[in-house]
Amino acid sequence: MSAPAPAHSDVTPNSPARMVRLVAGREISTRIRDKGFLIGSAVLIVLILGMLVFQVAINSGTDTTRVGVVGGDAAVGEALRTQGQALGTEVEVVDYGDEAAARTAVEDGDVEGALLSPSGVQPELLVESGGGQVETLVQGAVQGLALDRQLSDAGVQLEAPPEVEVVPLDPDADADLEAAIVALVGVVVLYSLLLLFGQFVAQGVVEEKSSRVVELLLATMKPWQLLSGKIIGLGLLGLAQMLVIAVIGVAGALAFDVVELPGRLIGTVLTVVAWFVLGYAFYASIFAAAASLVSRQEDLGSVLTPATLLPVVGLVIALQAAQDPTSTLARVTSFVPGLSPMVMAVRQSAGEAALWEVAVAVLIMLVSIAVIVRIGGRIYAGALLRTGGKVKLRDALRAES
Amino acid sequence: MLEIDGLVKAYGSNQVLKGVSFSVAPGQMFGFCGSNGAGKTTTMRIAMGLARADAGEVRWTGRPVDDAVRRRIGYMPEERGLYPKMKVGEQLTYFARLHGMDAAPAARAAEHWAERLGLGERRNDKVEKLSLGNQQRVQLAAALVSEPDVLILDEPFSGLDPVGVDSLAEALLAQCRRGVPVVFSSHQLDLVERLCDAVGILARGSIVASGSVDELRSGAVGRQLRVVAPDAPDHWASALPGVRVVSEQRGDTVLELAPGADDQQVLAAALATGRVAHFAWREPTLVELFRDAVTATPVVAA
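Predicted, not measured: the structure shown is a model, and the values here were computed from it. (Residues numbered from 1 in each chain as written. Chains lettered and ligands numbered in written order. Predicted model: local features only at pLDDT ≥ 70, side-chain atom pairs only at ≥ 80, totals over all residues. Heavy atoms only, no water.)

Engineer: Just checking my understanding: could you explain the overall build of chain B for this structure?
Structural biologist: Across its full length, chain B holds ten helices and 14 strands. Buried positions account for 51% of the 302 residues belonging to chain B. Sequence-distant contacts, at least 24 apart, represent 67% of the contacts inside chain B between residues at least 6 apart. As displayed, chain B has an accessible area near 13100 Å², and 49% of this comes from carbon and sulfur atoms. (Helix = DSSP H or I, 4+ residues; strand = E, 2+ residues; numbered from the N terminus. Buried < 20%, exposed > 50% of the residue type's maximum accessible area, 1.4 Å probe, protein only. Contact = heavy atoms within 4.5 Å. Areas by Shrake-Rupley, 256 points an atom, 1.4 Å probe, with all protein chains shown as cover.)

Engineer: Any chance you could explain the overall build of chain A here in plain terms?
Structural biologist: When helices and strands are counted, chain A shows 14 helices and four strands. For the C-alpha atoms alone, the extent of chain A along its principal axes is close to 105 × 65 × 40 Å. Per-residue burial for chain A yields a buried fraction of 44% across its 401 residues. The long-range fraction of contacts in chain A, counting pairs at least 24 apart against all pairs at least 6 apart in sequence, stands at 74%. With an accessible surface of roughly 20500 Å², chain A has 63% of that area assigned to carbon and sulfur atoms. If you average the places of the 25 positive and of the 40 negative side-chain charges in chain A, the two averages end up 30 Å apart. (Lys, Arg positive; Asp, Glu negative; His and termini not counted. Charge placed at Lys NZ, Arg CZ, Asp CG, Glu CD.)

Engineer: Explain the confidence of the model for chain B here, please?
Structural biologist: Residues shown with low pLDDT carry predicted positions that ought not to be read at fine detail. Overall, the predicted model of chain B reaches an average pLDDT of 86, with 96% of residues at or above 70. Contacts for the low-pLDDT stretch residues 298-302 of chain B, under 50 throughout, to residues beyond four places or in other chains number eleven contacts. (pLDDT = per-residue confidence, 0-100.)

Engineer: How should a positive patch on the surface be read in this particular structure?
Structural biologist: A contiguous patch of positive charge on the surface is contributed by Arg386, Lys392, Arg394 and Arg398 of chain A. Mapped onto the secondary structure, Arg386 of chain A falls in the loop between helix 13 (355-383) and helix 14 (393-398). (Patch = residues over 30% accessible without salt bridge, like charges linked within 9 Å, V, L, I, M, F, W, Y side chains within 5 Å. Salt bridge = Lys/Arg side-chain N within 4 Å of Asp/Glu carboxyl O.)

Engineer: Would you mind going over the domain arrangement of chain A with me for this structure?
Structural biologist: Note: interface size is frequently given as the accessible area lost on complex formation between the parts. Here chain A is partitioned into domain 1 (21-51 + 172-398) and domain 2 (64-153). If you average the C-alpha positions of domain 1 of chain A and of domain 2 of chain A, the two centres end up 57 Å apart. (Domains from an automatic or database assignment.)

Engineer: For this particular structure, what's the right way to read the interface of chain A and chain B?
Structural biologist: Taken together, the contact pairs 33 residues of chain A with 39 residues of chain B. Both sides of the chain A and chain B interface together cover about 3500 Å² of buried area, and 55% of this is carbon and sulfur. Between the two partners, chain A and chain B, sit five salt bridges. On inspection of chain A and its partner chain B, the count reaches ten residue pairs in polar contact (both at pLDDT 80 or more). Broken down by class, the residue content of the side of chain A that touches chain B amounts to 16 nonpolar, seven polar and ten charged. (Buried area = accessible area lost by both parts, 1.4 Å probe. Polar contact = N/O pair within 3.5 Å; in protein donor to acceptor, adjacent residues only side chain to side chain. Nonpolar A, V, L, I, M, F, W, Y, C, P; charged D, E, K, R; others polar.)

Engineer: I'm lost on the pattern of salt bridges in this one. Help?
Structural biologist: Opposite charge on two side chains lets them pair, provided their charged atoms get close. Residue and element names in this part refer to chain A. Per the counting criterion, the structure on display carries 27 salt bridges over all chains. We note a salt bridge from Asp299 to Arg296, for which the minimum N-O separation is 3.2 Å. Given a relative accessible area of 24%, Asp299 falls into the partly exposed group. Within the structure, one salt-bridge network assembled from shared partners comprises Arg26, Glu27, Glu208 and Lys230.

Engineer: Got a minute to help me understand the nonpolar core in this structure?
Structural biologist: Proteins that are soluble and globular tend to have nonpolar side chains buried together. In terms of nonpolar packing, the biggest core is built from 169 residues, with Leu172, Phe184 and Ile201 of chain B touching the most fellow members. Looking at which element gives the most residues to this core, the answer is helix 9 (residues 262-291) of chain A, with 15 residues. (Core = buried A, V, L, I, M, F, W, Y, C linked by side-chain atoms within 4.5 Å.)

Engineer: I tried to follow the domain arrangement of chain B on my own but got confused; where do I start?
Structural biologist: Per the domain assignment, the segments of chain B are domain 1 (2-217) and domain 2 (221-283). For domain 1 of chain B versus domain 2 of chain B, the distance between C-alpha centres works out to 44 Å.

Engineer: Just checking my understanding: could you explain the sheet that holds strand 6 (residues 73-76) of chain B for this structure?
Structural biologist: Think of a sheet as strands paired side by side through backbone hydrogen bonds, with each pair either parallel or antiparallel. Residue and element names in this part refer to chain B. The mixed open sheet is built from six strands, whose spatial order is 6-7-8-3-9-10. Where the open sheet ends on each side, the last strands, each with one partner, are strand 6 and strand 10 (206-211). Direction aside, the axes of adjacent strands within the sheet are offset by 15° on average. Bridge count between strand 9 (residues 198-203) and strand 10: five bridges; the pairing is antiparallel. (Pairing = 2+ DSSP bridges. Axes fitted to C-alpha atoms, helices over the stretch in contact; angles between N-to-C directions.)

Engineer: Quick question: what am I supposed to make of the sheet that holds strand 11 (residues 223-228) of chain B here?
Structural biologist: Residues and elements named next belong to chain B. Read across the open sheet, the four strands follow the order 12-13-11-14; overall the sheet is antiparallel. One side of each edge strand has no neighbouring strand; the edge strands of this open sheet are strand 12 (243-249) and strand 14 (278-282). Taken pair by pair, the neighbouring strands of this sheet meet at an average axis angle of 20°, ignoring direction. Pairing geometry for strand 11 and strand 14, over five bridges, is antiparallel. Bridging from a neighbouring strand, Leu225 pairs with Trp281 of strand 14.

Engineer: I would appreciate a short explanation of helix 3 (residues 88-98) of chain B in the present structure.
Structural biologist: Among the eleven residues that make up helix 3 of chain B, nine are buried, leaving the element largely enclosed by the rest of the structure. Along helix 3 of chain B, the residues that are buried comprise Val88, Gly89, Gln91, Leu92, Thr93, Tyr94, Phe95, Ala96 and Leu98 of chain B. Residues of helix 3 of chain B that are buried in the fold lie against helix 1 (16-32) and helix 7 (213-218) of chain A together with helix 4 (103-116) and helix 5 (132-144) of chain B.

Engineer: Please explain helix 10 (residues 300-323) of chain A as it appears in this structure.
Structural biologist: The periodicity of an α-helix, 3.6 residues per turn, causes residues three or four positions apart to be oriented the same way. Residue and element names in this part refer to chain A. Between its first and last C-alpha atoms helix 10 spans 35 Å; for 24 residues at 1.5 Å apiece the expected length is 34 Å, and the two agree. Along helix 10, the helix axis deviates most sharply at Pro306, where the bend reaches about 35°. All of the buried residues in helix 10 are Leu300, Val303, Leu304, Ala307, Thr308, Pro311, Gly314, Leu315, Ile317, Ala318, Ala321 and Ala322. (Expected span 1.5 Å × (residues − 1). Bend = angle between axes of the 7 residues up to and from the residue.)

Engineer: Before we go on, may I ask you to explain a nonpolar patch on the surface in this structure?
Structural biologist: Residues and elements named next belong to chain A. There is a patch of nonpolar side chains on the surface, built from Met51, Leu177, Ile181 and Val185 and spanning about 340 Å² of accessible area. The biggest single contributor to the nonpolar patch is helix 6 (residues 173-210), with three residues. Looking at the element boundaries, Met51 is found in helix 2 (residues 35-59). The partly exposed category is assigned to Met51, whose relative accessible area is 37%.

Engineer: How do you make sense of the state of the cysteines when you look at a structure like this?
Structural biologist: Here a disulfide denotes a covalent bond joining the sulfur atom of one cysteine to the sulfur atom of another. Residues and elements named next belong to chain B. Scanning the entire structure with this criterion turns up zero disulfides over all chains. No disulfide involves Cys196; its sulfur sits 7.1 Å from that of Cys33, the nearest cysteine. Overall, Cys196 belongs to the buried group, its relative accessible area being 9%. (Disulfide = S-S within 2.5 Å.)

Engineer: Would you explain the side chain of Gln241 of chain A in this entry?
Structural biologist: Residues and elements named next belong to chain A. Tracing the backbone through its elements, the reader meets Gln241 in helix 8 (residues 223-255). Gln241 sits in the buried class, given a relative accessible area of 6%. A distance of 3.0 Å separates a polar atom in the side chain of Gln241 from a polar atom in the side chain of Ser41. The residues contacting Gln241, other than those within four sequence positions of it, are Phe37, Ser41, Leu44, Leu193 and Phe197.

Next up, the structure:
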């Protein structure tokens, strides 16, 4: 049983917007079911999570130190904690009833060391092997306690020592560095996604050309509708992936307490995402125009290589700018279209770019996107129906149809 | 009425079309013939807006064909083209939607045409997994899925086995019965002769002959007469006025009569030699008409 033939009333002319939506929808639905894409995305997310775990592992050196105490009082615990603060570690005091219990705890690794008779003549510290940090800690605490005791025995009344007031000269320096590091991670992700999705656009263009389906498509729509549908569809997918990574990254960083200023972190991430949108529009158009010149996937490399050099340069400068965001190189290149998404994102996050600089960079970028979409669209339209060898750039531009 | 009117196109110094004109009525099947490189594909691509004519235009129901009209044309390009990694059903649905159908009717139409062209079982297979013949069916289904008002098919029969040819021919005739004008190009002239109401022969950038096959026959230069007179001596007909002997073999003679020559005089001469077993005008095949048309000077039937 076959369905009845459709009636003519089912057909209404597509508006250009609907055409673009249809093309974009096909790009998304095909790509999202592609195994390679799904695996690639999973790997990227695992990488980001791995980076976070690595950070946490490095920072865990400042974690708590557990010290067992046998026969101590509140003063002993207090002294250990104060000493811990000075050494940059949080001390947790565990009281044990007798030496045997403490010994077992040390052997089991429950505590890093156990202090026996702290107030006695000969205090003893049980450790599994070499003393290390816990030895310094306990030594300091016991000394302090002994000193206090002797002083109070001698009748000296201790006054609270004066607290030192800290006056930071560049209060944001640490935060700036942190933000620059976040921006750098963001820019590396931005760079990878730019190239990845630019590559997707290029492959899609060549696929349509090599399978000749483009002739059937162009019988129903204009080249610009096909091009913008493809770029917008893949762009939305790229943006979604960027946002997923950003959310996982920010949530992870907050959950693991890797960063100090969550507000600033979110601001930096948003900056990077915004630059991704501009960078993608720029490179996707260039890649699409370049790809339209060839008819086989094998030839894609030869036309894309020149176009991929620019983002590589941008990444290198951005890496350098993260260390020295005020350098002349970083300052100048942060205005160059194509480089600005990476360099300006880093400068901006480091707090070294004035608002007007950002505005100018964005404006230059927008103007060049407009120019590239226009010229690229013409190359694309001119080269699309020419199959066979590589189409010369000049011929594609000159072709009317 | 689909009208192709005076199309001119040059690629650089290569003048491909020098004023190609023909028209196809609703429900008519038009066979577009011509030697390789004669300009058939260029003509069709101009009609589909894939190439721009230097002069001339294509009209449908009296109006120049624009993008809106083109979405109502089913097209099959010479270079077959489908997304290799897309499933048959999804692909057909997509093309139906590009032609302006909504999602649900498009899916229904895709199912209908896949079923009808014998692809029902392969709907969920990727196109690249299909045999060439089946890919060709998908290609045709892509042209038909939006129930177009006009069909323009470039070499739709090439590469099909006889069964495939029959089912494609059946599908095209069904479209004609719906009132759709169908234009297709082909080198298989026997097929064109069998299917088409009208034929256009393109040579050196213009239509050198067009009309129904019968019209082409009646207008053909030098009509041929076959006479079988077993007892006739050699050269029995060579002296007759306006008659040229094309071939002669043991009493089986093919004669070409100049316009105005009297066939009854030939019959009388034949009877004079004895028994006449066969006397009839020979219907030239389209192949012969084609050969004459592309080699001789232009002849356009009324």
